[in-house]
Amino acid sequence: MTAQNAPAVKFVPYASGLKSVTTITPAGDGSGRLYVTLQAGQVRVIDRGKLRPEPFLDVSRLTSAGGERGLLGLTFDPRYKQNRRLYIHYTDRSGDTVLARYLASADFSRADPASGRVLFTAKQPYANHNGGQIEFGPDGFLYLGLGDGGSGGDPQNNGQNLSSPLGKLLRFDVSGDRAKPAAGNPFVNRSGANPNIWAYGLRNPWRFSFDRTTGDLVIADVGQNTFEEVNRQPRASKGGENYGWRLREGRACYEPAQGCPSQGLTGPVLTYGRSEGQSVTGGYVYRGNAIPALKGRYVFGDFGSGNVWAARMTGGTWSKALLGTVKGPSAFGQDEAGELYVAEYFTGRILKLGR
């Protein structure tokens, strides 16, 4: 795929006044509403293009926001209409990771702040690389992406350490009143390994998503000095993939700088260098109807350069085409119909992709 055959796409203003957006997601309840997390700790509702004045949930007193900390993720239970459950991921006042569950009110107009239940925590040694995304997979389990703990170069080698939850994609069963390792997790019976791990070798998987048609998982992993990368896990995977960090950055050796192993590692499907950006923001495989030429292509961006691309596999290799640029794409989202949105971190706007 080349720039010459990139689909014609417009970025249409959809909502504004939203400071430092970290998530855009529907509830999957047929309401058509979009729910947006703000880094400082609020969940806001966009109802038919109109921003509701009151927060749906406010946990600002629980989180230390700023830099790469704050309210980082939100998702709704697949049975939200029946059980009213929603889940958030934030960094607490000590800077540590918290996965918590809340309940919506009976009329679904807000989340009950008193209903919060902490399901999982992880100590964070540094202030950066907290990951962010939480999402239910097609298997009904809750996935959480965590970075390697921060600093630079993964000094604690968390990405390759199976005893640590950091630098991992975790998978939980949250059907009960606590989070427990999901059935089939690959390391649940390995001595010394964290039983919640689904995949490892990640540096900072800020955003990942599931293709709503195929069920494939696409993980965008923020790079260190040279390369950004996108990884793909097929729906049929049994988990346990090692995506290589800190042995590799993209397809290149990182630690050691030469002669790093390749056996047992799952390489990225797509990488790009510093001439195109410096912090990948993962998006979604487009499955909407408004832009037929975009269907089946993975839409993602770069926070540093503002570039937004569409990628697909052609002849056995992945390539990308530039769709346009926006100001600090911090999060992508899709509505219940599969149409795509992107948040401009620096302007407070939500843009909808259209023709």
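Below or above, wherever it landed, is the structure these notes cover. This one's a predicted model, so the numbers in the text were calculated from it and none came from an experiment. (Residues numbered from 1 in each chain as written. Predicted model: local features only at pLDDT ≥ 70, side-chain atom pairs only at ≥ 80, totals over all residues. Heavy atoms only, no water.)

**Some words on the layout of surface pockets**
Part 1: Estimates place the volume of the largest pocket at around 520 Å³.
Part 2: If you go around the largest pocket, you meet 23 residues; those closest to its centre are P26, E135, F136, R212 and Q334.
Part 3: Secondary-structure elements contributing two or more residues to the lining of the largest pocket are β2 (21-26), β7 (71-76) and β11 (134-136).
Part 4: Element by element, the count of residues in the lining of the largest pocket is highest for β2, at 4 residues.
Part 5: Residues of the lining of the largest pocket, tallied by class, amount to 10 nonpolar, 7 polar and 6 charged. (1 Å grid on protein atoms, 1.4 Å probe; cavity = no way out; pocket = protein on both sides within 12 Å on 5 of 7 lines; lining within 4 Å. Points joined across faces, edges and corners; volume = space filled by probe spheres on them. Helix = DSSP H or I, 4+ residues; strand = E, 2+ residues; numbered from the N terminus. Nonpolar A, V, L, I, M, F, W, Y, C, P; charged D, E, K, R; others polar.)

**Some details on empty space enclosed by the protein**
Part 1: According to the stated counting rule, one finds 2 cavities of 30 Å³ or more in the structure shown.
Part 2: Each pocket or cavity is described by its volume, and for the largest cavity that value is around 40 Å³.
Part 3: If you go around the largest cavity, the residues you meet are R203, D221, V222, G223, Q224, F227, E229, W245, R248, E249 and G250.
Part 4: Going through the elements one at a time, β18 (227-233) and β19 (248-249) are the ones with two or more residues in the lining of the largest cavity.
Part 5: Of the residues contributing to the lining of the largest cavity, the split by class is 3 nonpolar, 3 polar and 5 charged.

**Points about the state of the cysteines**
One way to say it: the disulfide is the covalent bond shared by the sulfur atoms of two cysteines.
Part 1: Throughout the structure, instances matching the rule amount to 1 disulfide.
Part 2: Through a disulfide, C253 is tied to C260; the S-S separation comes to 2.0 Å. Its torsion about the S-S bond being -80°, the disulfide of C253 and C260 is classed as left-handed.
Part 3: Residue C253 is classed as partly exposed on the basis of its relative accessible area, which comes to 28%. (Disulfide = S-S within 2.5 Å. Buried < 20%, exposed > 50% of the residue type's maximum accessible area, 1.4 Å probe, protein only.)

**Considering the sheet that holds strand β9 (residues 97-104)**
Part 1: Taken together, 4 strands build an open sheet; the order of strands is β7-β8-β9-β10 and the sheet is antiparallel. Sheet topology places β7 and β10 (111-122) at the edges, where each strand pairs with a single neighbour. Within the sheet, the average angular offset between the axes of one strand and its neighbour, ignoring direction, is 25°.
Part 2: In this sheet, strand β8 (residues 85-91) lies alongside β7 in antiparallel orientation, the contact comprising 5 bridges. Bridging from a neighbouring strand, T75 pairs with Y87 of β8. (Pairing = 2+ DSSP bridges. Axes fitted to C-alpha atoms, helices over the stretch in contact; angles between N-to-C directions.)

**As for the sheet that holds strand β26 (residues 329-334)**
Part 1: Read across the sheet, 4 strands follow the order β1-β28-β27-β26 without closing on themselves; strand pairing throughout is antiparallel. Every interior strand has two partners, whereas the edge strands, β1 (10-15) and β26, have only one. The sheet shows a mean angle of 30° between the axes of neighbouring strands, taken without regard to direction.
Part 2: Sheet analysis places β26 next to strand β27 (residues 340-344), joined by 5 bridges and oriented antiparallel. Paired with A331 across the strands is A343, a residue of β27.

**Some thoughts on the pattern of salt bridges**
Part 1: All told, the structure shown has 12 salt bridges when counted by the stated rule.
Part 2: When the shortest N-O distance is used, the salt bridge between R33 and D47 registers 3.6 Å. Placement of R33 in the loop between β2 and β3 (34-38) and of D47 in strand β4 (residues 42-47) is noted, with a sequence separation of 14 residues between them.
Part 3: Residue classification places R33 among the buried positions, given a relative accessible area of 18%.
Part 4: Looking at D47, the relative accessible area reads 15%, which means it is buried.
Part 5: In this structure, E276 and K320 form a salt bridge, with 3.0 Å as the shortest nitrogen-oxygen distance. (Salt bridge = Lys/Arg side-chain N within 4 Å of Asp/Glu carboxyl O.)

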